[in-house]
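# Working through the structure, step by step
Residue-level listing of the chains:
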Amino acid sequence: KTLLVMLQTGMRAPMGLKIKGPTLESIEKFGVALEVALKNSDIPGLNVATVNADRTVGKPYLEIIPNRDEASRYGLNILDLHKTIQMAVGGHQVSNTVEGRERFAIRIRYMRDKRDSIEALQQTLINTPTGAAIPLSSVAKIRYVKGPQMIKSENTFLNGYVTFDKTADATQIDVVNRVLEHI
């Protein structure tokens, strides 16, 4: 029964509040404030140790920003940059191998030490139409940015959750009604 409720609501907890907002940052800010308020409350039946707000922002993302003017000076376009970065970081499938009934893709990519830092990625070489090899840093800016861990939405609205549970002596409906009265 609990699993069915979790699948219907999207929450991975028996009870919770759904927060909708215009940006992930505003949803997280409100959710954390609500978490603090609920943890500091004395709502009968609420297990304050289980109150948890989604932390949506904070995962590091590698962002590669191409400089189109510089790339065009070397005769490159964005697709050339994309293919090189894809091959270096994610790998490129070059063939398949068949072992009995199983098939496996053969992928090539740069060794880990050539792709595990911004400094190493900046030295990734891109072949130009003239045959020259230039480093990626000469045609793109590479940096880490904070981004969402997961983007949740429902009916085109961004949302997040503040989840909680009840104590053994309380019923779910009583706890939900008390939490709603408190907020």
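Criteria and cut-off values
- Residues numbered from 1 in each chain as written.
- Predicted model: local features only at pLDDT ≥ 70, side-chain atom pairs only at ≥ 80, totals over all residues.
- Heavy atoms only, no water.
- Helix = DSSP H or I, 4+ residues; strand = E, 2+ residues; numbered from the N terminus.
- Rg over C-alpha atoms; globule rule 2.2 N^0.38 Å.
- Buried < 20%, exposed > 50% of the residue type's maximum accessible area, 1.4 Å probe, protein only.
- Contact = heavy atoms within 4.5 Å.
- Areas by Shrake-Rupley, 256 points an atom, 1.4 Å probe, with all protein chains shown as cover.
- Lys, Arg positive; Asp, Glu negative; His and termini not counted.
- Charge placed at Lys NZ, Arg CZ, Asp CG, Glu CD.
- pLDDT = per-residue confidence, 0-100.
- Patch = residues over 30% accessible without salt bridge, like charges linked within 9 Å, V, L, I, M, F, W, Y side chains within 5 Å.
- Salt bridge = Lys/Arg side-chain N within 4 Å of Asp/Glu carboxyl O.
- Pairing = 2+ DSSP bridges.
- Core = buried A, V, L, I, M, F, W, Y, C linked by side-chain atoms within 4.5 Å.

## Details of the overall build of the protein
In terms of regular secondary structure, the protein is built from six helices and 10 strands. In terms of overall size, the protein is more extended than a compact globule, its C-alpha atoms giving a radius of gyration of 25 Å where 183 residues would be expected to give roughly 16 Å. C-alpha extents for the protein along the principal axes are approximately 75 × 50 × 30 Å. Looking at the protein as a whole, 28% of its 183 residues qualify as buried. Sequence-distant contacts in the protein: of pairs separated by 6 or more residues, those separated by 24 or more amount to 63%. Of the roughly 12200 Å² that the protein leaves accessible, carbon and sulfur atoms contribute 53%. In the protein, the 24 positive side-chain charges and the 19 negative ones have mean positions that sit 5 Å from each other.

## A word on the confidence of the model for the protein
Per-residue pLDDT for the protein averages 88, and the proportion of residues at 70 or more is 95%. Across the protein, strand 7 (residues 133–135) holds the top mean pLDDT of 94, while helix 1 (residues 2–9) sits lowest at 65.

## Observations concerning a nonpolar patch on the surface
A contiguous nonpolar surface patch, about 230 Å² in accessible area, is contributed by Val94, Ile106 and Ile108. Within the element layout of this structure, isoleucine 106 appears in strand 5 (residues 102–108).

## Concerning unusual backbone geometry
One non-glycine residue, asparagine 155, lies in the positive phi region at around 55 degrees. Here asparagine 155 is to be found in the loop between strand 9 (153–154) and strand 10 (157–166). Judged by its relative accessible area of 59%, asparagine 155 falls in the exposed class. Positioned with a positive phi, threonine 156 is a non-glycine residue whose angle comes to about 70 degrees. Here threonine 156 shows up in the loop between strand 9 and strand 10.

## What to know about the pattern of salt bridges
Per the stated rule, a full pass over the model turns up six salt bridges. A salt bridge links glutamate 35 to lysine 39, with the nearest nitrogen and oxygen atoms 3.5 Å apart. Of this pair, glutamate 35 and lysine 39 both sit in helix 2 (residues 24–39), separated by four residues, roughly a single helical turn. What makes glutamate 35 buried here is its relative accessible area of 7%. Relative accessible area serves as the criterion here: at 37%, lysine 39 is assigned to the partly exposed category. For arginine 55, the salt bridge is made with glutamate 35, and the minimal N-O distance between the two is 2.7 Å. In this pair, arginine 55 sits in the loop between strand 2 (46–53) and strand 3 (57–66) while glutamate 35 sits in helix 2, placing the two residues 20 residues apart along the sequence. Within the structure, one salt-bridge network assembled from shared partners comprises Glu35, Lys39 and Arg55.

## Digging into the pairing of strand 1 (residues 15–21)
Where burial is concerned, the two faces of strand 1 differ: the one with Met15, Leu17, Ile19 and Gly21 is buried and the one with Gly16, Lys18 and Lys20 is not. Alignment of strand 1 against strand 10, held across seven bridges, turns out to be antiparallel. Residue pairing across strands places isoleucine 19 opposite glycine 160, the latter belonging to strand 10.

## Some points on the environment of leucine 34
Summarising the element assignment, leucine 34 is placed in helix 2. For leucine 34, the residues in contact, after removing those within four places along its chain, are Leu17, Ile19, Val162 and Ile183.

## Observations regarding the nonpolar core
Counting residues in each nonpolar core, the largest one holds 15 residues, and the members touching the most others are Leu38, Leu46, Val162, Phe164, Val175 and Val179. When residues of this core are traced back to their parent elements, those giving at least two are strand 1, helix 2, strand 2, strand 10 and helix 6 (172–182). With residues near it in sequence (within four places) discarded, valine 162 still touches Met15, Gly16, Leu17, Ile19, Gly31, Leu34, Leu38, Val51, Asn52 and Ala53. Counting residues in each nonpolar core, the second largest holds 12 residues, with Leu121, Ile134, Val139 and Ala140 among its members.

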